[in-house]
Amino acid sequence: MSAELFGTVGIVGIGLIGGSLARDLRTYGLARRIVGWNRTPAHAERALELELVDAIMPTPEALAEVSDLVVLAVPVNILAELLPRLLAKARPDQVFIDVGSTKKALADAVAGCPGRDRFVLCHPMAGTERSGPDAAVDNLFRGRFTLLVDTADSNPEAVAKVSALWEGVGSVLATMDAEEHDRTAALLSHMPHVLAYALARTIRVAERDQALNARFAGGGLASMTRIAHSPLSMWQPIFRQNKVFLLEAIDTFSEHLAAFRRAIAEDDAEALAKLMR
Ligand code: NAP
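Think of each chain on its own: its residues are numbered from 1, step by step along the sequence as written. Totals for whole chains, interfaces and linings use every residue, but because this is a predicted model, local features are given only for residues with pLDDT of at least 70 and side-chain atom pairs only at 80 or more, for both listing and counting. Think of the side-chain values as coming from all heavy atoms in the structure, minus any hydrogens and water.

A. Geometry of the overall build of the protein. Helix and strand definitions here come from DSSP, where helices need a minimum of 4 consecutive H or I residues and strands a minimum of 2 consecutive E residues; each element is numbered from the N-terminal end. When helices and strands are tallied, the protein shows 11 helices and 8 strands. Each radius of gyration reported is based on C-alpha atoms, and the globular scaling rule is 2.2 Å times the count of residues to the power 0.38. In terms of overall dimensions, the protein is globule-like: its C-alpha atoms have a radius of gyration of 21 Å, near the 19 Å expected for 277 residues. Structurally, the protein occupies a C-alpha span of about 65 × 40 × 35 Å along its principal axes. Exposed residues in this analysis have more than 50% of their type's maximum accessible area, buried residues have under 20%, and partly exposed residues fall in between, with area computed by a 1.4 Å probe over protein chains only. Looking at the protein residue by residue over its 277 residues, the buried ones come to 44%. Pairs of residues are marked as contacts when any of their non-hydrogen atoms sit within 4.5 Å. The long-range fraction of contacts in the protein, counting pairs at least 24 apart against all pairs at least 6 apart in sequence, stands at 75%. A 1.4 Å probe and the Shrake-Rupley method give the accessible areas. Residues count as covered only by the protein chains that appear here. Element-wise, carbon and sulfur atoms account for 55% of the exposed surface of the protein, whose accessible area totals about 14400 Å². Averaged over its 29 positive side-chain charges, the protein has a centre that lies 4 Å from the centre of its 34 negative ones. Charge convention: Lys and Arg are scored as positive, Asp and Glu as negative, and His as well as the terminal groups of each chain are ignored. In this description, the location of a charge corresponds to atom NZ of lysine, CZ of arginine, CG of aspartate or CD of glutamate.

B. Layout of the layout of surface pockets. A cavity here means a set of points on a 1 Å grid, drawn over the protein atoms and nothing else, where a 1.4 Å probe fits but cannot get out; a pocket is an open set with protein on both sides within 12 Å along at least five of seven lines, and a residue lines either one if it has an atom within 4 Å of a point. Grid points are joined across faces, edges and corners, and a volume is the space filled by probe spheres set on the points. One number sums up the size of the largest pocket: a volume of about 1200 Å³. Along the wall of the largest pocket there are 47 residues; nearest its centre are Leu16, Ile17, Ser131, Pro231 and Met234. Only helix H1 (16–27), helix H4 (76–87), strand S6 (119–124), helix H7 (178–209) and helix H9 (232–241) provide two or more residues apiece to the lining of the largest pocket. Of the residues in the lining of the largest pocket, the class split is 24 nonpolar, 18 polar and 5 charged. When residues of the lining of the largest pocket are assigned to domains, at least three fall in each of domain 1 (6–176) and domain 2 (181–276). Approximately 360 Å³ is the volume found for the second largest pocket. As for the second largest pocket, its lining consists of 13 residues, of which Ala200, Arg204, Leu221, Thr225 and His229 are closest to the centre. Top element by residues in the lining of the second largest pocket is H7. It accounts for 4 residues. Amino acids are sorted into nonpolar (Ala, Val, Leu, Ile, Met, Phe, Trp, Tyr, Cys and Pro), charged (Asp, Glu, Lys and Arg) and polar (every other residue, Gly among them). Here the residues of the lining of the second largest pocket sort into 7 nonpolar, 3 polar and 3 charged. Source of the domain bounds: an automatic or database domain assignment.

C. Representation of the domain arrangement of the protein within the structure. The domain architecture assigned to the protein consists of domain 1 (6–176) and domain 2 (181–276). Look at where the C-alpha atoms of domain 1 and domain 2 centre, and you get two points 31 Å apart. Taken residue by residue, the interface counts 15 residues in domain 1 and 16 residues in domain 2. Values labelled buried area give the accessible surface lost by two parts on being combined, using a 1.4 Å probe and summing over both. Interface of domain 1 and domain 2: buried area, both sides summed, is about 1300 Å²; carbon and sulfur atoms make up 65% of it. The largest share of the area that domain 1 buries against domain 2 comes from Ser101, Thr102 and Glu129, three residues that together contribute 40% of it. Between Lys or Arg on one side and Asp or Glu on the other, a salt bridge is scored when a side-chain nitrogen of the former is within 4 Å of a carboxyl oxygen of the latter. Summed over the shared surface of domain 1 and domain 2, the result is 1 salt bridge. Here a polar contact is recorded for every N or O atom pair within 3.5 Å, except that within protein the pair must consist of a potential hydrogen donor and a potential acceptor, and residues adjacent in sequence are included only if both atoms are side-chain atoms. The tally of links from domain 1 across to domain 2 stands at 7 residue pairs in polar contact (both at pLDDT 80 or more).

Pasting the structure below:
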């Protein structure tokens, strides 16, 4: 049991990440009370039923009003429109965090906003392909990095509390600026998702056009395409917001793929071995 860090924590978007954080906040005694908001009423009901939250609030604004810490766990395109509105009404004792997968667009969207210093940009490098309140699990963040971004633009006390929160759920902290974050995330997270979608699509089209029977697949295909089950509503905005670095990552990958193609086409065992080693 860690020491309580926050009175009321409000979570906007109780899905995989928001719900998993809620579970850990309780387990480790980091919050006295947890309230939530979901866009879909059935998901809000489910979050209550699963006891992820103590109460559901009618709007993100109403949630922010009663919360000491506001956690924004909605898709990245929604963050950029919601956060400036909430920060405009931030109290000097409140802290806001996001958990979004891209950072430069959000940092730009809140630059110069009133209340900007109450906000700490966070990206826990943990997740699964599942979504919604039923996807929430215990200890999702344990042993995983959480990247804190552009911390010089946040109030030092807010940064200290947010650091204690992530460490309290077992996460390891690293800091960087928004651009470095997006370049890093493009290679380590966003490109693997593009590749999984592309591979899954390759198989789907072959099923349709070449009567391929994908049921014969072994474990390799499943492990490479698991994350292609991730929701479109979350990943499409990530790909669009991280366009520049994602294109760089795809181009680099394409060069490596082309080298494999060449070695295979030319029966060049030595080149193939070199690439594989
Ligand atoms: P999730 O399980 O699908 O939850 C997304 C939440 O956002 C749900 O509560 C959903 O509400 C809400 N939402 C979706 N579209 C919305 C809209 N148009 N307006 C308002 N709310 C909307 O996804 P998640 O994995 O928790 O992702 C949440 C955040 O975490 C994203 O910013 C993502 O980039 C980030 N993240 C994800 C991972 C990962 O691997 N999954 C890892 C690190 C960070 P309803 O369910 O009520 O519709």
